[in-house]
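# Architecture at a glance
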Amino acid sequence: MLVWAFVWTPLVNRVQELETLISEKNSLLIDLARIETMDPVISNNTVNPRTQSLVVVVDETHRIHGLNGTLSRNQPDGDNGIRVVFQATSFDRLIGWLGTMEQSYGIKVESASFDGASESGVVTATLILRRT
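Small disclaimer: the values here were computed from a predicted structure and weren't measured.

The next thing to look at is the overall build of the protein chain. When helices and strands are counted, the protein chain shows three helices and four strands. Helices (α) and strands (β) of the protein chain occur, in sequence order from the N terminus, as α-α-β-β-α-β-β. The buried share of the protein chain, reckoned over its 132 residues, is 28%. Considering only contacts in the protein chain between residues 6 or more positions apart, those separated by 24 or more positions represent 60%. Approximately 8,700 Å² of the protein chain is accessible, and the part contributed by carbon and sulfur atoms is 56%.

Moving on to the pattern of salt bridges. Any two side chains of opposite charge can pair if their charged atoms end up close together. Tallied over the entire structure, the rule returns five salt bridges. One salt bridge in this structure joins Glu-17 and Arg-14, with 3.0 Å as the shortest N-O distance. One end of the pair is Glu-17 and the other is Arg-14, both in helix 1 (residues 2-36) and three residues apart, which spans about a single turn. One salt bridge in this structure joins Arg-63 and Asp-59, with 2.9 Å as the shortest N-O distance. Taken together, the positions of Arg-63 and Asp-59, both in helix 2 (residues 54-64) and four residues apart, correspond to about one turn of that helix. With relative accessibility at 43%, the residue Arg-63 sits in the partly exposed group. Its relative accessible area of 30% is what places Asp-59 among the partly exposed residues. Taken together, the salt bridges that share partners define one network made up of Asp-77, Glu-110 and Arg-130.

In this section: the side chain of Thr-89. Looking at the element boundaries, Thr-89 is found in strand 2 (residues 81-90). Polar contacts involving the side chain of Thr-89 include one to the side chain of Thr-70, which spans 3.3 Å. With residues near it in sequence (within four places) discarded, Thr-89 still touches Leu-67, Thr-70, Leu-94, Gly-121, Val-122 and Val-123.

Listed in full, the buried residues belonging to helix 2 are Leu-54, Val-57, Val-58, Thr-61 and His-62. End-on view of helix 2: buried residues confined to an arc of 110°, all on one side of the axis. Where helix 2 is buried, its residues contact strand 1 (71-76), strand 2, helix 3 (91-105), strand 3 (107-116) and strand 4 (122-131). Once helix 2 ends, the next one or two residues include Gly-66, with phi positive near 75°.

On to the sheet that holds strand 4. Ordered in space as 1-2-4-3, the four strands form an open sheet in which the pairing is antiparallel. Either end of the sheet is taken by a strand with one partner, and the two such strands are strand 1 and strand 3. Each adjacent strand pair in this sheet contributes to an overall mean axis angle of 15°, direction not counted. With nine bridges connecting them, strand 3 and strand 4 associate as antiparallel partners. Bridge pairing links Asp-115 to Thr-124 in strand 4. Packing of helix 2 onto the sheet brings it into contact with strand 1, strand 2, strand 3 and strand 4, and relative to strand 2 it is tilted by some 20°. Packed on one face of the sheet, helix 3 meets strand 2, strand 3 and strand 4 and runs near 10° to strand 4.

Definitions and limits used
- Residues numbered from 1 in each chain as written.
- Predicted model: local features only at pLDDT ≥ 70, side-chain atom pairs only at ≥ 80, totals over all residues.
- Heavy atoms only, no water.
- Helix = DSSP H or I, 4+ residues; strand = E, 2+ residues; numbered from the N terminus.
- Buried < 20%, exposed > 50% of the residue type's maximum accessible area, 1.4 Å probe, protein only.
- Contact = heavy atoms within 4.5 Å.
- Areas by Shrake-Rupley, 256 points an atom, 1.4 Å probe, with all protein chains shown as cover.
- Salt bridge = Lys/Arg side-chain N within 4 Å of Asp/Glu carboxyl O.
- Polar contact = N/O pair within 3.5 Å; in protein donor to acceptor, adjacent residues only side chain to side chain.
- Arc of directions from axis to C-beta.
- Pairing = 2+ DSSP bridges.
- Axes fitted to C-alpha atoms, helices over the stretch in contact; angles between N-to-C directions.

This is the structure we're talking about:
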């Protein structure tokens, strides 16, 4: 009974946690693969992403990266900046999103503040982003 309570149950719980993390990582890899296959050429019918409003860019791109429902606030910060706040969001997905913002849209992190959560890999983040 002691082996069950102190050895087996914690091991089973940890295996379940690791399976969840692996599933999240696989989902992130699938998202990255999908983004890599996107056509980088901008058609004549669309707006150049480097001139789109930062609010629109943030709104459209955060969903693609699996951050939907975690963006709690976005507020313009001057002509070429925006302040965004994410609540209880995946750190890995957030970093992937920030990489895309820089590579595809020329939007860089000016300042960032991260607070950990009780769940591993989850943060609350306040970011100021600027278009260069």
